Amino acid sequence: YFASRYVGGLKTSRSHRGDKDGKVPVALVDPKTQREVLGLLEENVFADKPYEFPPELYNALGWSNWNHWGKEPASRKDFGVHNTVLMWQERVIGQLLSSTTLERLHDGEMRVSADADVLTTAELIERLTKSIFSEVETVKEGDYTTRKPAISSLRRNLQRSYLKSLSRLAMGSTSAPQDCQTIAYDQLSRLNQRMNALLQNNAIAAKLDPYSRAHLQESKDRIQKVLDARLSLNAP
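Residues numbered from 1 in each chain as written. Predicted model: local features only at pLDDT ≥ 70, side-chain atom pairs only at ≥ 80, totals over all residues. Heavy atoms only, no water.

## Concerning unusual backbone geometry
Excluding glycine, most residues fall at negative phi; most peptide bonds, likewise, are trans. Short version of the rule: The way it works is that DSSP assigns letters per residue, a run of H or I at least four long becomes a helix, a run of E at least two long becomes a strand, and they are numbered from the N terminus. Between buried and exposed lies partly exposed: a residue is buried under 20% and exposed over 50% of the maximum accessible area for its type, with that area taken using a 1.4 Å probe on protein chains only.
Its identity as a non-glycine residue notwithstanding, aspartate 21 has a phi of 60 degrees, on the positive side. Mapping aspartate 21 onto the fold places it in the loop between β1 (10-12) and β2 (26-28). You can call aspartate 21 exposed: its relative accessible area is 66%.

## Points about the side chain of serine 4
For the record, the criterion: Any N or O atom pair separated by 3.5 Å or less is treated as a polar contact, with the protein-specific requirement of one donor-capable and one acceptor-capable atom, and with residues adjacent in sequence counted only for side-chain atom pairs. Should any heavy atoms of two residues lie within 4.5 Å, those residues are counted as being in contact.
Here serine 4 is to be found in the segment before β1. Side-chain polar atoms of serine 4 contact the backbone oxygen of tyrosine 1, separated by 2.5 Å. Every residue in contact with serine 4, bar those within four places of it in the chain, is listed here: Val37, Leu41, Val92, Gln95 and Leu96.

## Quick look at the packing of aromatic side chains
Selection criterion: In this scheme Phe, Tyr and Trp rings, the latter by its six-membered ring, pair at centre separations within 6.5 Å, and the angle between planes marks the pair as stacked below 30 degrees, edge-to-face above 60, and tilted otherwise.
If you walk through the whole model with that rule in mind, you get three aromatic pairs. Geometrically, the ring pair formed by phenylalanine 133 and tyrosine 162 is tilted, given 6.4 Å between the ring centres and 55 degrees between the ring planes. Of the two residues, phenylalanine 133 is situated in the loop between α5 (121-132) and α6 (135-138) and tyrosine 162 in helix α7 (residues 153-170); the sequence distance between them amounts to 29 residues. Taken individually, phenylalanine 133 and tyrosine 162 each receive the classification buried, so the pair is uniform in this respect.

## Concerning the pattern of salt bridges
Rules: Throughout this description, the term salt bridge denotes a Lys or Arg side-chain nitrogen within 4 Å of a carboxyl oxygen of Asp or Glu.
On inspection of all chains with the given rule, the structure shows 10 salt bridges. Ionic pairing is found between arginine 127 and glutamate 42, a salt bridge with its closest N-O pair at 2.7 Å. Within this pair, whereas arginine 127 is found in helix α5, its partner glutamate 42 is found in helix α1 (residues 31-46), the two being separated by 85 residues in sequence. By relative accessible area, which is 26% here, arginine 127 ends up partly exposed.

## Some words on α1
Stated formally: What the arc covers is the set of directions going from the helix axis to the C-beta atoms.
Along α1, the positions that sit buried rather than exposed are Pro31, Gln34, Val37, Leu38, Leu41, Glu42, Val45 and Phe46. The buried residues of α1 occupy an angular sector of 140 degrees when projected down its axis, which confines them to one face. In α1, the exposed residues that point more than 90 degrees away from the buried face are Lys32 and Glu43. Buried residues along α1 sit against α3 (81-96), α4 (99-108), α5 and α7.

See below:
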């Protein structure tokens, strides 16, 4: 989560005018660092491999019996693996797609010359969509089962959550720049097309596990409703 703050981040200085080697009050974090952070998050937060611990470890994680006023008692006696992983993934996505982050990135395009490199809001949203929904491109024909699905349960949870965030952005339900809304709408439209192509590929779709097939179908239907709703609300 700390690393995610570098995306759209700023470096500030309290130098006074005329100070020797004085720095400008506000400077963008260089785009190379921002892209390296995105790579770090993709590999260690959004992917499912970092959470593939031995079952013995997950079974050894217990609960806390500590009780005090102001603390809700534990509702279950085992460790909520999916809930805990998704909680941190959502916090990171919330930071990356917050209106403040997107506004800073959008303004950052004006803070450098036109031929200078900069991380744009379009690049960020496109990269997140490609990374989080990478299975839409990478799933190949195979013998998938509910125990060995094409899309793991952790990734399905992440994709559902990200889809909600992207949909809110496309519907204009945030205070993010309008350019971000149109990019989000475009990404939903493209993602919908890719999902539809995958489900229509009988060689692959016929062998998908029930979890992944239902997840892709539901996600596609949800995207279509968002696209239709936006058109009916905002178009003449």
